[in-house]
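Structural overview
Listed below are the residues making up each chain.
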Amino acid sequence: MARWCYRHRLVVLLLWVGALLGLGAAASTAGTDYANVFSLPNTDSKRAYDQMEKAFPERAGDTDTVVWKVDTGTVRDQSVQSRIQPVLEKIGKMAGVGGVTSPYAGDRGAAQISANGKIAYAQITFAKQANAVPKQLVQDVVDTAQGAERGGLHVELGGQAIQRVQEPPTGLAEMIGILAAAVVLFLAFGSLFAMLLPIGIAIFGVGTGLFSTQLLSHVTSVPDLAPLLATLIGLGVGIDYALFIVTRHRRGILRGMDPEESAVTALNTSGRAVLFAGGTVCIALAGMLVTNLRFLDGVVIGTSLTVVFSVLAAVTLLPALLGFLGSRVLSRRQRRKLAAEGPESERASGFAARWSASVQKRPRSIAVMALVVMAILAIPVLSLRLGATDQGNDDASTTTRKAYDLLAEGFGPGFNGPLQVVSTSGDTNKLVQGIRATDGVAQVVALPPAQGVTVIQVVPTTSPQSEKTDQLIDTLREKVIPDAGAQAHVGGVTAISKDFSTVTGDRLPLFIATIIGLGFLLLMVAFRSLVVPLTAALMNLIAAAASFGVLVAIFQWGWGLSLLGLGKEGPINAFLPVIMLSLLFGLSMDYQVFLVSRMHEEWVHTKDNARAVRVGLAETSRVINSAALIMVCVFLAFVLSGDSGAAMAGVGLAAAVALDAFILRTALVPAAMHLLGKSNWWLPAGLEKRLPHLAVEPAEEAEPLPRASAGGSSVVHGFVRDAEGAPVDGAVLTLLSKGGRQLDRVTSLADGSYIVSVPAPGTYLLSATASSYGARARHVIVTDEPLVHDLELAEGEVDAVN
């Protein structure tokens, strides 16, 4: 497939451009229909919502608030009314505004003025839900209301529709993330064209995924958070997957391969790992479905679609683009060096090789240090509290935060999150009296009944995010309502948030067990080992604990929030653990696959665990760290998205990826694998026979070998010596086919001599390993005649095979 895409590159490019433009045109024509549907079956707040929907179906539009405060006098002063009343009337006449409830409208409006007369509010009911209200209309409302301000009169606005217009421009976070990724790619590659390749792949993958999600929002419920998270994960994996393949391709060209053969080899090695890694991400995302939280179904759809399109772009569009570039995927300096000096050596060198050797020498101390760092970072997770953020967590400079604070100042902290006790039978008056006598209740108002349903508005004395408010909800449900003998349910946004947090917390263990179990099975099948997947599962749990510790310290404890410009501390969004664990699991599996697949490839070739771990780390750590740095940049850019949920997810995922790549995969995993030795690759014989074969590495090529001469076989022989020319006794020499199948294995004699048999002329891999020496591996081309091939081993050298 890679070869076909390389040779038919114009067709492939036109197909992708057509798909992107076609889906984009269809999506822009259809528009968006995102809906935040919190379906929590068998919860008290859901029953309250269902009863209210039957009794008050007309209350469908979004309700926002205009709040004003005077420094001197009261809001009842004629000078204040003469400025505010005309503004409210003007807003009420705007097309798309259903109505305005003014505090100056007789006795009923008096409740909308604070006890000291300094603060008042008006409610604006739009004809549609917040997502469907045109931004221009909302902006007109904001401009008109704030136009009434003067010295001593402050006007602020709050509500979901208002929040939408104060968000940064759409695409700002994405653009900053892409620019940061471009800088990292340019530093890694030193080539403009090579830098543009991963970014182009990510744009095609994310674009087609988002347009498809937008179209699907018309036939299924997709929350407005889904496209943000899909963009976040799509940019990260799209750039990373292309980075892995392009890195392998560039290495092939530098080692003398033809650009087409190099591209095909890169897709047949790193491309396979990309397919496998993309599959694990989708499986991890699908794990969210076991929570049975319908709100997350749309998130699964959006993010999985984007990952699928990113993988497709990486394995089809990328080889086509590589065909257009040819050798220009290298920098000018690299091309000049290649022309002047010929192909590079296959030895891994530089800091990655030195670090890999250090991990091999001191695995125990490195493992202990890494575990200590992760344990310290995980400590804050012990105080994790799930909940929901609201406009009280917005930045202090925003009008929504100012309106929230003014309402709390004038009417009490619980005013921003009233409870709705929905009663369908029983003595309503007795229920109202019981609620009024309950500790933690500031105000109780029973609305006129409709269709046998009475709604009692309950304003707590504490804020919506306070633990005391949660305790009040439990008291009302477990004591007050049963004591009154009423059939009633407690609803409202605050009660829904509490129930959502409870349900999420209850189902989290099942969710974690599901994704860890699926990942264990996948890695066991891929790497034919029990220890490797067990290690990966433990590492995932360690990474999750540490990243949530960072999240709690920043967003719940407030450490550094002001520096990040992320508003006020509060509980962690209830949906975030599920989403973050899915994404973290998928991304960490990516790094595990790329790291261990290279180790496994070396293990299959040499059966030397120390060499396999050392070479695998030396060859992959640099690209894994570059990929992680790109993801961190992309995720942190979502702090600028204006969405608190996306900002929280961005910071959490950035911390998770950084810890996973820079500490776990670069230090703890290889150190643990060195300590475990050959048991890393242990699999019971009975299980080996029953497991299906899933090749992350390329399968043995079925190309016929050149016809052998009479006799049908030949040999490779020579001497193994050290750097000073002394013979190396007891070196193990292994002859392998191009696909990694072992053909012969011998040990050098006292004089360093060896001889291995070759089945037929062709290209083979000959590796030599000896204790206290670095391993050496070379490709050998055998003809009809015996081949003389001497090998030199040096102490501590890392010689990795492409």
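Below is a short write-up of the structure. (Residues numbered from 1 in each chain as written. Predicted model: local features only at pLDDT ≥ 70, side-chain atom pairs only at ≥ 80, totals over all residues. Heavy atoms only, no water.)

Right, let's get into the overall build of the protein. Helix and strand counts for the protein stand at 25 helices and 18 strands. With respect to the three principal axes, the spread of C-alpha positions in the protein is 110 × 55 × 45 Å. Carbon and sulfur atoms make up 59% of the accessible area of the protein, which amounts to about 33,100 Å² in all. With 63 positive and 65 negative side-chain charges, the protein shows a spacing of 2 Å between the two charge centroids. (Helix = DSSP H or I, 4+ residues; strand = E, 2+ residues; numbered from the N terminus. Areas by Shrake-Rupley, 256 points an atom, 1.4 Å probe, with all protein chains shown as cover. Lys, Arg positive; Asp, Glu negative; His and termini not counted. Charge placed at Lys NZ, Arg CZ, Asp CG, Glu CD.)

On to empty space enclosed by the protein, then. All chains considered together, the criterion is met by three cavities of 30 Å³ or more. A volume near 70 Å³ is recorded for the second largest cavity. Ile512, Ile515, Ile516, Asn540, Leu541, Ala544, Leu581, Leu584 and Phe585 together form the lining of the second largest cavity. For the lining of the second largest cavity, the elements supplying multiple residues, two or more each, are helix 19 (493-527), helix 20 (531-556) and helix 22 (576-606). In terms of residue class, the lining of the second largest cavity is built from eight nonpolar, one polar and no charged. (1 Å grid on protein atoms, 1.4 Å probe; cavity = no way out; pocket = protein on both sides within 12 Å on 5 of 7 lines; lining within 4 Å. Points joined across faces, edges and corners; volume = space filled by probe spheres on them. Nonpolar A, V, L, I, M, F, W, Y, C, P; charged D, E, K, R; others polar.)

This paragraph deals with the packing of aromatic side chains. Tallied over the entire structure, the rule returns seven aromatic pairs. Here a set of aromatic residues connected by ring pairs shows up, and it is made of Tyr121, Phe411 and Phe415. The aromatic ring of Phe193 is capped on one face by Arg328, whose charged end is 5.6 Å from the ring centroid. We note Arg721 situated over the ring of Phe719; from NZ or CZ to the ring centre the distance is 4.7 Å. (Phe/Tyr/Trp six-rings, centres within 6.5 Å; stacked < 30°, edge-to-face > 60°. Lys NZ or Arg CZ within 6 Å of the ring centre and 35° of its normal.)

Now for the pattern of salt bridges. According to the stated counting rule, one finds 12 salt bridges in the structure shown. Across the salt bridge formed by Glu619 and Arg251, the nearest N and O atoms sit 3.3 Å from each other. With Glu619 in helix 23 (residues 609-637) and Arg251 in helix 10 (residues 225-254), this residue pair connects regions lying 368 residues apart in the sequence. By relative accessible area, Arg251 is classed as buried at 16%. Linking Asp405 and Arg401 is a salt bridge whose minimum nitrogen-to-oxygen distance equals 3.1 Å. Residue Asp405 and its partner Arg401 are located together in helix 16 (residues 399-411), separated by four residues, close to a single helical turn. (Salt bridge = Lys/Arg side-chain N within 4 Å of Asp/Glu carboxyl O. Buried < 20%, exposed > 50% of the residue type's maximum accessible area, 1.4 Å probe, protein only.)

Moving on to the nonpolar core. Counting residues in each nonpolar core, the largest one holds 156 residues, and the members touching the most others are Met288, Phe555, Ile579, Tyr591 and Phe635. Broken down by element, the residue count for this core peaks at 19 residues, all from helix 24 (residues 644-676). Residues contacting Phe555, with those up to four places away along its chain left out, are Leu561, Leu566, Glu569, Gly570, Ile572, Ala647, Met648 and Val651. Core analysis: the second largest hydrophobic core is formed by 29 residues, Val80, Ala122, Leu153 and Ala161 among them. (Core = buried A, V, L, I, M, F, W, Y, C linked by side-chain atoms within 4.5 Å. Contact = heavy atoms within 4.5 Å.)

Judged by side-chain polarity, Val368, Val372, Ile376, Ile379 and Leu382 come together as a nonpolar surface patch covering roughly 520 Å² of accessible area. Within the secondary structure, Leu382 sits in the loop between helix 15 (363-378) and strand 5 (386-387). The exposure class assigned to Leu382 is exposed, which follows from its relative accessible area of 77%. (Patch = residues over 30% accessible without salt bridge, like charges linked within 9 Å, V, L, I, M, F, W, Y side chains within 5 Å.)

A separate point is a positive patch on the surface. A cluster of like positive charges, contributed by Arg332, Arg333, Arg336 and Lys337, occupies part of the molecular surface. Tracing the chain through its elements places Arg336 in helix 13 (residues 332-341).

Right, let's talk about the sheet that holds strand 6 (residues 419-425) for a bit. Strand order in this open sheet of four strands is 7-8-6-9, and the pairing throughout is antiparallel. What marks the edges here is a single partner per strand, and that holds for strand 7 (441-446) and strand 9 (487-491). The sheet shows a mean angle of 20 degrees between the axes of neighbouring strands, direction not considered. Both strand 7 and strand 8 (residues 454-460) contribute to a ladder of five bridges, which runs antiparallel. The residue bridging Gln443 from the neighbouring strand is Val459, located in strand 8. Each of strand 6, strand 7, strand 8 and strand 9 touches helix 17 (residues 428-436); the most contacted strand, strand 8, lies at about 5 degrees to it. (Pairing = 2+ DSSP bridges. Axes fitted to C-alpha atoms, helices over the stretch in contact; angles between N-to-C directions.)

Between the first and last C-alpha of helix 16 there are 18 Å, a value that for 13 residues agrees with the 18 Å anticipated at 1.5 Å per step. Those residues of helix 16 lying buried are Thr399, Thr400, Arg401, Ala403, Tyr404, Leu406, Leu407 and Phe411. Looking one or two residues past helix 16, Gly412 carries a phi angle of roughly 100 degrees, positive in sign. (Expected span 1.5 Å × (residues − 1).)

This paragraph deals with the packing of helix 14 (residues 351-361) against helix 23. Packing of helix 14 against helix 23 leaves a shortest axis separation of 8 Å and a crossing angle of 145 degrees. When you trace helix 14 past helix 23, the crossing you get is right-handed. Across the interface between the two elements, Ala352, Ala353, Trp355, Ser356, Val359 and Gln360 of helix 14 pack against Ala610, Val613, Arg614, Val615, Leu617, Ala618 and Ser621 of helix 23. The class makeup of the residues in the contact of helix 14 with helix 23 is nine nonpolar, three polar and one charged. (Left-handed = near helix turned anticlockwise from the far one by under 90°.)

Let us now look at the packing of helix 11 (residues 259-286) against helix 22. Where helix 11 contacts helix 22, the two axes come as close as 8 Å, and the packing angle between them is 160 degrees. Between helix 11 and helix 22, the interaxial angle falls into the category roughly antiparallel. The two elements helix 11 and helix 22 cross, and the hand of that crossing is right-handed. Residues Ser270, Ala273, Val274, Phe276, Ala277, Gly278, Thr280, Val281, Ala284 and Leu285 of helix 11 form the contact with helix 22, whose participating residues are Ser582, Leu583, Phe585, Gly586, Leu587, Met589, Asp590, Val593 and Phe594. (Parallel < 35°, antiparallel > 145°, perpendicular 65-115°, else oblique.)

All right, on to the state of the cysteines then. When the sulfur atoms of two cysteines share a covalent bond, that bond is a disulfide. Within this structure, the stated rule accounts for zero disulfides. Summary of cysteine pairing: Cys282 is not part of a disulfide, and the nearest cysteine sulfur, belonging to Cys5, is at 19 Å. Judged by its relative accessible area of 18%, Cys282 is buried. (Disulfide = S-S within 2.5 Å.)

We note that Gln451 has phi near 50 degrees; this positive angle belongs to a residue other than glycine. Residue position: Gln451 is located in the loop between strand 7 and strand 8. Gln451 sits in the exposed class, given a relative accessible area of 65%.

Right, let's talk about the sheet that holds strand 16 (residues 776-782) for a bit. If you walk across this open sheet you meet the four strands as 13-12-15-16, and the pairing is antiparallel. With partners counted over all chains shown, the strands left at the sheet margins are strand 13 (742-747) and strand 16, one partner each. Across the sheet, the mean angle from the axis of one strand to that of its neighbour is 20 degrees, orientation sign disregarded. Judged from the five bridges that link them, strand 12 (residues 732-736) and strand 13 form a sheet pairing that is antiparallel. Opposite Leu736, over in strand 13, you have Gln742 as the bridge partner.

This brings us to the side chain of Ser582. By secondary structure assignment, the location of Ser582 is in helix 22. Judged by its relative accessible area of 0%, Ser582 falls in the buried class. Residue contacts for Ser582: discarding those within four places in its chain leaves Ala284, Leu285, Met288 and Phe511.

On to the environment of Lys607, then. Its location among the elements puts Lys607 in the loop between helix 22 and helix 23. Through-space distance from the C-alpha of Lys607 to that of Lys678 is 8.5 Å; in sequence the pair is 71 residues apart. Not counting residues within four places of it along the chain, the set of residues in contact with Lys607 comprises Glu602, Lys678 and Arg745.

On to the environment of Pro103, then. Topologically, Pro103 is positioned in the loop between strand 2 (97-101) and helix 5 (106-109). On the basis of relative accessible area, Pro103 is assigned to the buried category, the value being 3%. In sequence terms Pro103 and Gly151 are 48 residues apart; their C-alpha atoms lie 21 Å from each other.

In summary, the side chains of a regular strand alternate between the two faces of the sheet. Of all eight residues in strand 3 (residues 119-126), six are buried; the element is thus mostly enclosed. Where strand 1 (residues 63-70) lies against strand 3, seven bridges are found, and the strand directions are antiparallel. Following the sheet pairing, Thr63 is matched in strand 3 by Thr125. Pairing analysis gives four bridges linking strand 2 to strand 3, with the strands arranged antiparallel. Bridge pairing in strand 3 places Gly99 opposite Thr125.

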